[in-house]
2 protein chains.
Amino acid sequence: MNKKIAVISTGNGGQAIAAFIALKGYYVSLYAREKERVDMFANNLFHIKGIINDVASIGLISCDMEEVIKDAYLILVTTPAQYHFAVAKEMALYLKTGQVVVLNPGRTFGTYEFNQVLEQNGCNADILLGEADTLVFTCRCDKPGNPHIYEIKKKVKIAGHKKAYTKEITDIMNEIFHDMESAPSVLHTGLSNIGVIFHPLPTLMNITRIEAKEVFRYYIDGISPLVANILEELDKERLETARKAGIELLSVCEWLKERYGSTGNNLYECIQNTHAYSSVLAPFDIDTRYIHEDVQTGCVPISCLAKEMGVKTKIMDSAISWASIIYKKDFYECGRNNKKLDIRKIIDDNLK
Amino acid sequence: MNKKIAVISTGNGGQAIAAFIALKGYYVSLYAREKERVDMFANNLFHIKGIINDVASIGLISCDMEEVIKDAYLILVTTPAQYHFAVAKEMALYLKTGQVVVLNPGRTFGTYEFNQVLEQNGCNADILLGEADTLVFTCRCDKPGNPHIYEIKKKVKIAGHKKAYTKEITDIMNEIFHDMESAPSVLHTGLSNIGVIFHPLPTLMNITRIEAKEVFRYYIDGISPLVANILEELDKERLETARKAGIELLSVCEWLKERYGSTGNNLYECIQNTHAYSSVLAPFDIDTRYIHEDVQTGCVPISCLAKEMGVKTKIMDSAISWASIIYKKDFYECGRNNKKLDIRKIIDDNLK
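Residues numbered from 1 in each chain as written. Chains lettered and ligands numbered in written order. Predicted model: local features only at pLDDT ≥ 70, side-chain atom pairs only at ≥ 80, totals over all residues. Heavy atoms only, no water.

A. Structural view of the sheet that holds strand E3 (residues 45-50) of chain A. Residue and element names in this part refer to chain A. What the 4 strands build is an open sheet, ordered E4-E3-E10-E9; its pairing is mixed. With partners counted over all chains shown, the strands left at the sheet margins are strand E4 (54-57) and strand E9 (137-141), one partner each. Across the sheet, the axes of successive neighbouring strands diverge by a mean angle of 30°, strand direction being ignored. Judged from the 4 bridges that link them, E3 and E4 form a sheet pairing that is antiparallel. When the sheet's bridge partners are listed, Leu-45 is paired in E4 with Ser-57. (Pairing = 2+ DSSP bridges. Helix = DSSP H or I, 4+ residues; strand = E, 2+ residues; numbered from the N terminus. Axes fitted to C-alpha atoms, helices over the stretch in contact; angles between N-to-C directions.)

Quick look at the structure:
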């Protein structure tokens, strides 16, 4: 049998990654949380489109976690980050010492939550746990088994939950994806969470259009000059938090310029000039990961971290409280807060 | 000369009221803050439309406050409430004992702010100061001198700044408008401020559409089921605050049913079935009194009052902080807060 890699989740990212690595010659096992998700695939052949056009054969598609991860040397978790705890709980008893688990991405404090849930659920294996700062592909699936990869992102950052493992995990990832780089710590990958800037606020500020099922371009129409301006202010809160932790990060503008070659004098102009965003549509439903994932696993932990570092995050906090009101859900309570995670310890672990 | 009434402000309400009372045979003097506002009228003839079709002659249109209010037995202030302080400052030295000043409407704590500014600016006159809970007309002006009155509201409530004057002020107002009723105190008129429910939140939740100059029906399209649902929750904060002050008020649903004969099982349905709202368009600019007036003179004072009464106003507070972020203006600071007004004293003055 070829070397086995497990991919956890059958969303856009999971299907794209599964097909991509199957075409590289690995035996791929794909985990779906529910039987209906397994049944949505007509067969194990995935028709990949976009930068690659080919047909990939997936070794196994199953909702049996034990079977999926058994003997896999690498386990790629591609679920929205608010499900990390559920995935960790599910696989805790089946992990074996030496297996490598990478969260794609970890969002903010992903490995800490994952590791904590593993320990609480009896996992004794000494695994190599790490996280990426973003999903390696820009991709979508129009229908099951048909992933479309628009782009392979450059310079995706990898950090080990324990810094000592970072290089080894990066090397393993680079055998498959080629352009990954080691980050100094999970504070770097966690604070490079760009979703927290681009997702919750524009969704909240266009909520009635999304509720009305209006079809509009998320970035081009939804991020108006006013919204872009607030996102720049929000980004300053993220950058200041990072700075207090001794980390210099790219602003979202600089990030767009580096990753996409965008041009412009401000965020509004940069987004308008980002080709990759030109046809991305807004969510079709108010229940979107742009809120549920990015507020719980981005805004909340960054806000908590900022408080520990003495940085005020007025806009981030407002986004959390506004989302909580609109969604009738206490996002602070259900997010990665400092009651769930020992934020002080995370800082001490990772600050130089 | 006929009995003189001064109308302060040349907005929609000011023009409609000026024309309406001129047609009743009063000598009307109309105050405009700037010379350009005076010059926008071709002559002193106002063509009134809607429930009345006639031509009214306005005695005086001027930006000379002294001249406008001189010898007026009644002064009707129809500016957006955030300008009450400026109006009070302007007229402080010219008011004479016995003159009646009515804020139309006072929004929340209008007479307190007005009275305080009069005192601070050397007004020694013993005037009769009062406020209405809402503007007596539903009206618009398509062009200067052409007020359109859609409706005269029923059961408009009047309260005197000093309770002892309430009946006298109501009687004076009823000589002109016929269907005004005395309210027990300015807490009643101030907490009956419906604008605070209907204006800021829907504006904030449709902000990108307003910014894009999209033409949409404010109530019918802008108050989606989601928005209506949050407005009902916001309204509960207002009602609970009133209840703690011993005041039972109509909910916005009940208010729509009483004032407009609306029907429905919830606020969304009631609004959809409110004929008067069917063609009201959203603001054409993000700088709208729906934010500047209603947050400063509605959300802020009600939130402060609620805190004094031990009521939590999570949604009201969120609206204030969200507006502050979007408008880059500290609405709490510039609003009628408990640093500007002695809220505890207002409660003690008015609680039974």
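B. Main features of the relation of the copies chain B and chain A. Once turned by 180° and shifted 0.0 Å along the axis, chain B lies on chain A with an RMSD of 0.0 Å. The relationship between the two copies is best expressed as a two-fold rotation axis. Counting the interface residues of chain B, we find that 100% of their copies in chain A are interface residues as well, pointing to one common contact surface. (Least-squares fit on C-alpha atoms with pLDDT ≥ 70 in both. Contact = heavy atoms within 4.5 Å.)

C. Quick peek at the interface of chain B and chain A. Contacts between chain B and chain A engage 25 residues on the former and 25 residues on the latter. Both sides of the chain B and chain A interface together cover about 2200 Å² of buried area, and 65% of this is carbon and sulfur. On the chain B side of the contact with chain A, Thr-208, Trp-322 and Ile-325 of chain B bury the most area, a combined 29% of that side's loss. Applying the counting rule to chain B against chain A returns 2 salt bridges. Notably, a salt bridge pairs Lys-328 of chain B with Glu-233 of chain A, separated by 3.7 Å at the nearest N-O pair. At the boundary of chain B with chain A, the tally comes to 13 residue pairs in polar contact (both at pLDDT 80 or more). Elements with a contribution of two residues or more to the side of chain B that touches chain A: helix H9 (200-205), helix H10 (207-211), helix H11 (225-244) and helix H15 (314-327) of chain B. Of the residues forming the side of chain B that touches chain A, the biggest block, 8 residues, is contributed by H15 of chain B. Broken down by class, the residue content of the side of chain B that touches chain A amounts to 13 nonpolar, 7 polar and 5 charged. (Buried area = accessible area lost by both parts, 1.4 Å probe. Salt bridge = Lys/Arg side-chain N within 4 Å of Asp/Glu carboxyl O. Polar contact = N/O pair within 3.5 Å; in protein donor to acceptor, adjacent residues only side chain to side chain. Nonpolar A, V, L, I, M, F, W, Y, C, P; charged D, E, K, R; others polar.)

D. Layout of the sheet that holds strand E5 (residues 60-62) of chain A. Residues and elements named next belong to chain A. As summarised here, the arrangement of the 8 strands in space is E5-E2-E1-E6-E7-E8-E11-E12, forming an open sheet in which the pairing is mixed. Either end of the sheet is taken by a strand with one partner, and the two such strands are E5 and strand E12 (180-182). Going from strand to strand, the sheet's axes swing by 25° on average, the running direction of each strand aside. One ladder, built from 3 bridges, connects strand E11 (residues 156-160) with E12; its direction is parallel.

E. Highlighting the pairing of E3 of chain A. All names here are of chain A. From the end of E3 to the start of E4, which pair antiparallel, there are 3 residues. In the sheet, E3 pairs with strand E10 (residues 147-152) via 2 bridges, with the strands oriented parallel. When the sheet's bridge partners are listed, Gly-50 is paired in E10 with Ile-149.

F. Structural detail: a negative patch on the surface. All names here are of chain A. Negative charge collects at one region of the surface, where Asp-64, Glu-66, Glu-67 and Glu-90 lie side by side. If you trace the backbone, Glu-90 turns up in helix H4 (residues 84-91). Overall, the relative accessible area of 37% leaves Glu-90 in the partly exposed class. (Patch = residues over 30% accessible without salt bridge, like charges linked within 9 Å, V, L, I, M, F, W, Y side chains within 5 Å. Areas by Shrake-Rupley, 256 points an atom, 1.4 Å probe, with all protein chains shown as cover. Lys, Arg positive; Asp, Glu negative; His and termini not counted. Charge placed at Lys NZ, Arg CZ, Asp CG, Glu CD. Buried < 20%, exposed > 50% of the residue type's maximum accessible area, 1.4 Å probe, protein only.)

G. Summary view of helix H1 (residues 12-23) of chain A. Residue and element names in this part refer to chain A. Over its 12 residues, H1 extends 17 Å from the first C-alpha to the last, a length consistent with the 16 Å expected when each residue adds 1.5 Å. The buried count for H1 comes to 10 of 12 residues, which makes it a mostly enclosed element. Residues Gly-13, Gly-14, Gln-15, Ala-16, Ile-17, Ala-18, Ala-19, Phe-20, Ile-21 and Ala-22 constitute the buried set of H1. (Expected span 1.5 Å × (residues − 1).)

H. Looking closely at the nonpolar core. In terms of nonpolar packing, the biggest core is built from 133 residues, with Phe-198 of chain A together with Phe-198 of chain B touching the most fellow members. Excluding its chain neighbours within four sequence positions, the residues that come into contact with Phe-198 of chain B are Tyr-218, Tyr-219, Leu-231, Val-252, Trp-255, Leu-256, Leu-267, Ile-271 and Tyr-277 of chain B. (Core = buried A, V, L, I, M, F, W, Y, C linked by side-chain atoms within 4.5 Å.)

I. Fine view of the packing of aromatic side chains. Residue and element names in this part refer to chain A. Tallied over the entire structure, the rule returns 29 aromatic pairs over all chains. Relative to Trp-255, the ring of Phe-198 has its centre 6.5 Å away and its plane inclined at 65°; by these criteria the two rings are edge-to-face. With Phe-198 in helix H8 (residues 195-198) and Trp-255 in helix H12 (residues 252-260), this pair connects stretches of sequence that are 57 residues apart. Judged by relative accessible area, which is 1%, Phe-198 ranks as buried. Seen in terms of ring centroids, Tyr-327 and Phe-331 are 6.2 Å apart; in terms of plane orientation they differ by 80°. Their pairing is edge-to-face. According to the relative accessible area criterion, Tyr-327 is buried, its value standing at 12%. Classification of Phe-331 by relative accessible area gives buried; the value is 0%. Of note, Lys-3 hangs over the ring of Tyr-73, and the distance from its end group to the ring centre comes to 4.3 Å. (Phe/Tyr/Trp six-rings, centres within 6.5 Å; stacked < 30°, edge-to-face > 60°. Lys NZ or Arg CZ within 6 Å of the ring centre and 35° of its normal.)

J. Representation of the environment of His-47 of chain A within the structure. Locating His-47 of chain A in the fold gives a position in strand E3. Excluding anything up to four places from it in sequence, His-47 of chain A contacts Asp-54, Val-55, Gly-145, Asn-146 and Pro-147 of chain A.

K. Inspection of the domain arrangement of chain A at higher detail. Residues and elements named next belong to chain A. The domain architecture assigned to chain A consists of domain 1 (4-184) and domain 2 (195-350). Measuring from the centre of the C-alpha atoms in domain 1 to the corresponding centre in domain 2 gives 24 Å. Residue-level contacts link 22 residues of domain 1 with 24 residues of domain 2. Carbon and sulfur atoms make up 47% of the area that domain 1 and domain 2 hide from each other, which totals about 1900 Å². Of all residues in domain 1, Arg-107, Phe-109 and Tyr-112 bury the most surface against domain 2, accounting for 34% of the area lost on that side. Where domain 1 packs against domain 2, one counts 4 salt bridges. Put simply, Glu-113 and Arg-336 hold a salt bridge, and the shortest N to O gap is 2.7 Å. In this assembly, domain 1 and domain 2 are joined by 14 residue pairs in polar contact (both at pLDDT 80 or more). Elements with a contribution of two residues or more to the side of domain 1 that touches domain 2: helix H5 (110-120) and E9. The leading source of residues in the side of domain 1 that touches domain 2 is H5, at 4 residues. Tallied by class, residues from the side of domain 1 that touches domain 2 come to 4 nonpolar, 8 polar and 10 charged. (Domains from an automatic or database assignment.)

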